[in-house]
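Coordinates in review
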Amino acid sequence: MPDASDLDINRHVRKVLIRHWIDLGRVFFRSMHGAVTIRGTLERIAGISEALTPTIVESIFTELNRIPDVKRVTSDLANWAQDAGAWQRVDAPAGRSLEGLRSGGSFHIGDIGGSKV
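What you see is a predicted model, and the numbers here were worked out from it, not measured in a lab. (Residues numbered from 1 in each chain as written. Predicted model: local features only at pLDDT ≥ 70, side-chain atom pairs only at ≥ 80, totals over all residues. Heavy atoms only, no water.)

**Some details on the environment of N10**
Relative to the helices and strands, N10 resides in helix α1 (residues 4–19). Along the backbone, N10 and I67 are 57 residues apart, and their C-alpha atoms lie at a distance of 9.8 Å. When near neighbours in sequence (up to four residues on either side) are disregarded, N10 contacts F29, R30 and S31. (Helix = DSSP H or I, 4+ residues; strand = E, 2+ residues; numbered from the N terminus. Contact = heavy atoms within 4.5 Å.)

In structure tokens form, the structure reads like this:
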């Protein structure tokens, strides 16, 4: 369970992403003991014509690392990767977006006492 400082870090992360017009519906972030993890797809919200650039992505991660009590920031982004210290846009491989998590599909957990759950 996150402690109070992690909740405060999450609030600051949200502020940084919003300030850069990042679509929060496509990115997942959390903090655990000061370690921030960001996953998903880093994209601007609809209606913002200015595209994300490597410089802007670098600025976002610099700001995240400067949040009080943040020890490290790791990312697993489907459309951005850091290569030799520089951010680069990459094509998202199949299955790397969060869309599959939101599909609302059903699945079978198992049988309990002869009934399906």
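**What about the sheet that holds strand β2 (residues 35–40)?**
Here we have 3 strands laid out as an open sheet, ordered β1-β2-β3, and mixed in their pairing. Single-partner strands in this sheet number two, and they are β1 (27–32) and β3 (72–77). Across the sheet, the axes of successive neighbouring strands diverge by a mean angle of 15°, strand direction being ignored. Sheet topology note: the β2/β3 ladder contains 6 bridges and is parallel. (Pairing = 2+ DSSP bridges. Axes fitted to C-alpha atoms, helices over the stretch in contact; angles between N-to-C directions.)

**Description of the pairing of strand β5 (residues 86–89)**
Across 4 bridges, strand β4 (residues 80–83) lies against β5 in antiparallel orientation. Bridge pairing in β5 places D83 opposite A86. The loop that links β4 with its antiparallel partner β5 comprises 2 residues; one of these, A84, has a positive phi angle of about 55°.

**Here's the deal with the environment of V27**
Following the sequence through the fold, V27 ends up in strand β1. When the C-alpha positions of V27 and G40 are compared, they lie 4.5 Å apart, and in sequence the two are 13 residues distant.

**As for unusual backbone geometry**
Phi is positive for W21, which is not a glycine, with a value near 60°. Mapped onto the fold, W21 is located in the loop between α1 and β1. Judged by its relative accessible area of 46%, W21 falls in the partly exposed class. A positive phi is found at D69, a non-glycine position, where the angle reads about 75°. If you trace the backbone, D69 turns up in the loop between α2 (54–65) and β3. A residue is classified by how much of its surface remains accessible, and D69, at 51% relative accessible area, is exposed. (Buried < 20%, exposed > 50% of the residue type's maximum accessible area, 1.4 Å probe, protein only.)

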